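Chain by chain, the residues run as shown.
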Amino acid sequence: MPEFTVPTSKEQLYRDVSLTFAKNPVTSDVATVTGIDAVKRSLRFLLLSEAGETPFYLTFGTQLRRLLFEPADPITEILIRNEIQATIAAFEPRVQITSLTVTLSADETAYQVNLIFSVLPQYQSGTLSLFLSRVR
């Protein structure tokens, strides 16, 4: 029968591969990030992925790129905020949003997104900031 290991601390409940692909000096495996950093990486990947671009998982991602080309006004800010909330609710059950602000930049070409969230079940707080701009 396989042996299961239980994490010793709740913070290391979530784990992801480090994008630096550094070598772990002890195990000689790829280094990992754990806890809140792993969840932040997952959120960033989720929010910056366009729906339909992930093979075999066509509903994964957001419609944020499409919204960036809408008129720069308060209605678009609300649509971006609603898209982020709906995407996180659908694809990231580990996260509970505490605060979400979407602000239009001074030159009206981009949006600053600030997300404050709690990671369930340990309720650790984390922040994620994204700068969404139009790219043709």
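Attention in this report is confined to the structure presented alongside it. (Residues numbered from 1 in each chain as written. Predicted model: local features only at pLDDT ≥ 70, side-chain atom pairs only at ≥ 80, totals over all residues. Heavy atoms only, no water.)

So, on to the sheet that holds strand S5 (residues 124-133). Read from one edge of the open sheet, three strands run S3-S4-S5, paired in antiparallel fashion. A single partner strand is all that each edge strand has here, and the edge strands are strand S3 (95-104) and S5. Taken over all neighbouring pairs, the strand axes of this sheet differ in orientation by 15 degrees on average, direction set aside. One ladder, built from nine bridges, connects S3 with strand S4 (residues 110-119); its direction is antiparallel. Within S4, the residue paired with Thr 103 across the bridge is Gln 112. Running at roughly 30 degrees to S5, helix H1 (residues 36-48) makes contact with S3, S4 and S5 of the sheet. Along the sheet, helix H3 (residues 74-91) makes contact with S3, S4 and S5, crossing S3 at roughly 160 degrees. (Pairing = 2+ DSSP bridges. Helix = DSSP H or I, 4+ residues; strand = E, 2+ residues; numbered from the N terminus. Axes fitted to C-alpha atoms, helices over the stretch in contact; angles between N-to-C directions. Contact = heavy atoms within 4.5 Å.)

What follows deals with a nonpolar patch on the surface. On the surface, a cluster of nonpolar side chains totalling about 260 Å² of accessible area is made up of Val 17, Phe 21 and Val 30. Of note, Val 30 is situated in the loop between strand S1 (15-17) and strand S2 (32-34). A residue is classified by how much of its surface remains accessible, and Val 30, at 33% relative accessible area, is partly exposed. (Patch = residues over 30% accessible without salt bridge, like charges linked within 9 Å, V, L, I, M, F, W, Y side chains within 5 Å. Areas by Shrake-Rupley, 256 points an atom, 1.4 Å probe, with all protein chains shown as cover. Salt bridge = Lys/Arg side-chain N within 4 Å of Asp/Glu carboxyl O. Buried < 20%, exposed > 50% of the residue type's maximum accessible area, 1.4 Å probe, protein only.)

Further remarks concern the side chain of Glu 77. On the secondary structure map, Glu 77 appears in helix H3. Among buried charged residues, Glu 77 stands out as having no salt bridge; its nearest opposite-charge side chain is Arg 81, 5.4 Å away. When neighbours within four sequence positions are excluded, Glu 77 is seen to be in contact with Val 102, Thr 103, Leu 104 and Tyr 111. (Lys, Arg positive; Asp, Glu negative; His and termini not counted.)

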